[in-house]
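# Fold and contact review
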Amino acid sequence: MRVKRDTITGLAGLTWSVIWLILIQMQTTQPANLLEPGPRLLPYIGLIVVFLSSLMLAIKGLRDWKKDPTPDEPYFPEGGKLKVARSYLMLVATGVLMGIFSFLIVAPFSIFAFIYDLKGNSEVKPLQVAIIAVLVTAGLYAMFVYGFQVKLPAGILFN
Amino acid sequence: MGLYLSALLLCLKPLNLLMIFAMVCLGIVFGAIPGLSATLGIALLLPVTFGLSTETSFILLLAIWIGGVSGSFISAVLIGIPGSSSSIATCFDGYPMTLKGESNKALAVGITASFLGTFFSVILATILSPIIADFALTLGPWEYFSLCFCAITLVATLSKGNIWKGLMAAGLGLMLGCIGMDPINGTQRFVFGNPNLSSGISTVAQMLGMFAMCQIIRDSARGEAKMPEASASSCKGFGIRIKDYFENIRVILFSFIVGLWIGFLPGMGSGIWNMVAYGYAKSTNKSKTSFGEGNPTGIWASETENNASLGGALIPMMALGIPGDGITAMLIAALTIHGLQAGPLFMSSQPDLAMLIFACVLVAAVVTFIVQAITKNWFVYILRIPYHFLYSVILIIAYIGGYGISNTMFNIYVMLALCLLSLFMSIGGLPTSPLVLAFILSSKLEGYFRRAISMDKGSYASFFTRPLSLALLVLDAFCVVWPSLSEYLKKRRKIAANK
């Protein structure tokens, strides 16, 4: 039995509502008073909206499934899940490494990796990509640091 | 009038004009390439403006916005894929015209219609915004709460997909908006002892994570980054004659009014109304069968409508401080970054900056028209830029933007976390615009509500006894109930017809 995507989304929303409720109890301690609803108001409104809509979405998914039990079309094509996971891990790795080794060291490698990750079936030459990666890094560094006076990650190793 | 003229002269200073020109060109590239957008352009540009003056920042941001919105028809005409959802109807006749070898005319119509829509809607916005802002000063927190609530509900219920998905996304936006200090007594919520969280989640980090990063890796994994090869016939002359304007004047006027109204209402989405304008053009035209096979009237309707919505969106942003869409939400965030508060008081406390915003949009519209008219034979080259190179550079700029918010790595991690959230939302079919709008309006919503209750000594009655507040709340209720009600009525009609 494969439930509809709406049901899964609804159940995920319901689970998050329970977690959020626990977080409200732990993180906001100031109660409401007679004059003012207090800081718990908005978290509770968010909770109610997410809870109700998740519940309705889960029910809708179940109703749709009863009418037509054929599973939903997969969101990603074959191999897409792996590709999106790989791309995301690459983004996380870039973020973490930038914090350690600085923008100037990590950016050329990241651009090189991103180009290869996003190229699909297009053909690219490694030397051309490497040159582009270095030039883009240097250009961005010059533009932001000297042009716009924006600081870039210095890396804890060099800080 | 004097302030407006001096703002106009400021925009026409050579350096400012050069910046407008550069940003308009960049905006056209962002608008033309499907998958990129003016929203993404502004998100990437926002961190650059941190070190610049407020005036310069807005000149840059507004120019990229105008260029981006206007440029979305280019891919619709040349490859049959709209640069954004607001140009869907442009594909119907624009691409067939390209296939027939009339791309020059199709592009010329697109350029002119975009210009007319933006130019006149901005003039109207300039006239109407101060009047609405003056009226808004007479309103209290009850009306403001109802307005913010109305904006969120409209976006949530009218966004694409199921109403519950829109509401769920809005709820998540409210939850994200709770992080940090509460707007009334400064109580810290959901900060988990992390000082970086006490000022809440950065709007820029949110935009970069949810729009730039998520969109690129998702589209790449779904195989949506590949586009057909663009080709266009190049020919001399602009491509349209004065006669063409007068022949389509009724369609242009109707589409302009629709666009202006849709831009004014938060969350109405230009995509659907683009079709409404197209539908009107088709139904009132003598040769209905030529629509879909390359009738330029279809492009007049679609492009005038989506660009007129731009001026419409400026009105609530400037007069009320309420964003109508993702782009105006970011412009409001840009004002906040520069220590300013959008809203009715903004027009009276910062009249020079307010007029600069209107003047800059006007100048950017003219520059966009000139740039597009001169370079229209080169548009095909924009669509031939290798995506993997472009997207890789955008991803790296997103890291720079994330870091630049507070010069800490923390916002980069926030950006990555929100990218993951946005990815899960896409898989679940949840729209992102209700989340963004609810997030931006959450502190205002809470602030106005709690202030209203305090002023009424704990009573909720004024929300329902003040006419405007009541009208807006009734509209909210109607928006939530209407989809289910219309479905029920349809079913009833079907059953009755079967009997």
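Calculation notes
Residues numbered from 1 in each chain as written. Chains lettered and ligands numbered in written order. Predicted model: local features only at pLDDT ≥ 70, side-chain atom pairs only at ≥ 80, totals over all residues. Helix = DSSP H or I, 4+ residues; strand = E, 2+ residues; numbered from the N terminus. Rg over C-alpha atoms; globule rule 2.2 N^0.38 Å. Buried ≥ 20, exposed ≤ 12 C-beta atoms within 10 Å, placed from the backbone. Contact = placed C-beta atoms within 7 Å. Nonpolar A, V, L, I, M, F, W, Y, C, P; charged D, E, K, R; others polar. Axes fitted to C-alpha atoms, helices over the stretch in contact; angles between N-to-C directions. Parallel < 35°, antiparallel > 145°, perpendicular 65-115°, else oblique. Left-handed = near helix turned anticlockwise from the far one by under 90°. Domains from an automatic or database assignment.

Turning next to the overall build of chain A. Across its full length, chain A carries five helices and zero strands. The secondary structure elements of chain A, listed N-terminal to C-terminal, are α-α-α-α-α. Here chain A has a C-alpha radius of gyration of 24 Å; the compact-globule value for 159 residues is 15 Å, and the former is much larger. Counting only C-alpha atoms and orienting by the principal axes, one finds that chain A spans roughly 60 × 50 × 25 Å.

This part is about the overall build of chain B. When helices and strands are counted, chain B shows 22 helices and two strands. A compact globule built from 499 residues would reach a C-alpha radius of gyration of about 23 Å, and chain B, at 23 Å, matches this within 12%. The dimensions of chain B, computed from C-alpha atoms along their principal axes, are 70 × 70 × 55 Å. A burial count over chain B gives 61% of its 499 residues as buried. A fraction of 79% describes how many contacts in chain B between residues 6 or more apart in sequence connect residues 24 or more apart.

The next thing to look at is unusual backbone geometry. Residues and elements named next belong to chain B. A positive phi angle, close to 55°, is found at Phe190, a residue other than glycine. Residue class for Phe190 comes out buried when judged on the 20 C-beta atoms lying within 10 Å of it. One non-glycine residue, Asn407, lies in positive phi territory at about 55°. Tracing the backbone shows Asn407 in the loop between helix H18 (387-404) and helix H19 (410-428).

The subject of this paragraph is the environment of B:Asp325. Residues and elements named next belong to chain B. Residue placement: Asp325 occurs in the loop between helix H13 (296-320) and helix H14 (326-337). Among the residues examined, Asp325 registers 23 C-beta atoms within 10 Å and is labelled buried. Considered as a pair, Asp325 and Ala151 are 174 residues apart in the sequence and their alpha carbons are 9.7 Å apart. Those residues in contact with Asp325 that sit more than four places away from it in its chain are Ala313 and Ser433.

What follows covers the interface of chain B and chain A. Taken residue by residue, the interface counts 63 residues in chain B and 59 residues in chain A. Looking at the side of chain B that touches chain A, the elements that each hand over two or more residues are helix H8 (163-178), helix H9 (203-222), H18, H19 and helix H20 (433-455) of chain B. Here the side of chain B that touches chain A gets 13 residues from one element, more than from any other, and that element is H18(B). For the side of chain B that touches chain A, a count of residues per class yields 37 nonpolar, 17 polar and nine charged.

The next subject is the packing of helix H4 (residues 103-118) of chain A against helix H5 (residues 126-147) of chain A. All names here are of chain A. Running from amino to carboxyl end, H4 crosses H5 at an angle of 135°, the nearest separation of the two axes being 8 Å. What the angle tells us is that H4 and H5 run oblique. Crossing geometry of H4 relative to H5 is assigned as right-handed. Note on element contacts: H5 touches H4 through Val129, Ala130, Ala133, Val134, Val136, Thr137 and Tyr141, opposite Leu104, Ala107, Pro108, Ile111, Phe112 and Ile115. Broken down by class, the residue content of the contact of H4 with H5 amounts to 12 nonpolar, one polar and no charged.

A word on the domain arrangement of chain A. With domains assigned, chain A is organised as domain 1 (5-67) and domain 2 (80-147). For domain 1 of chain A versus domain 2 of chain A, the separation of C-alpha centres amounts to 39 Å.

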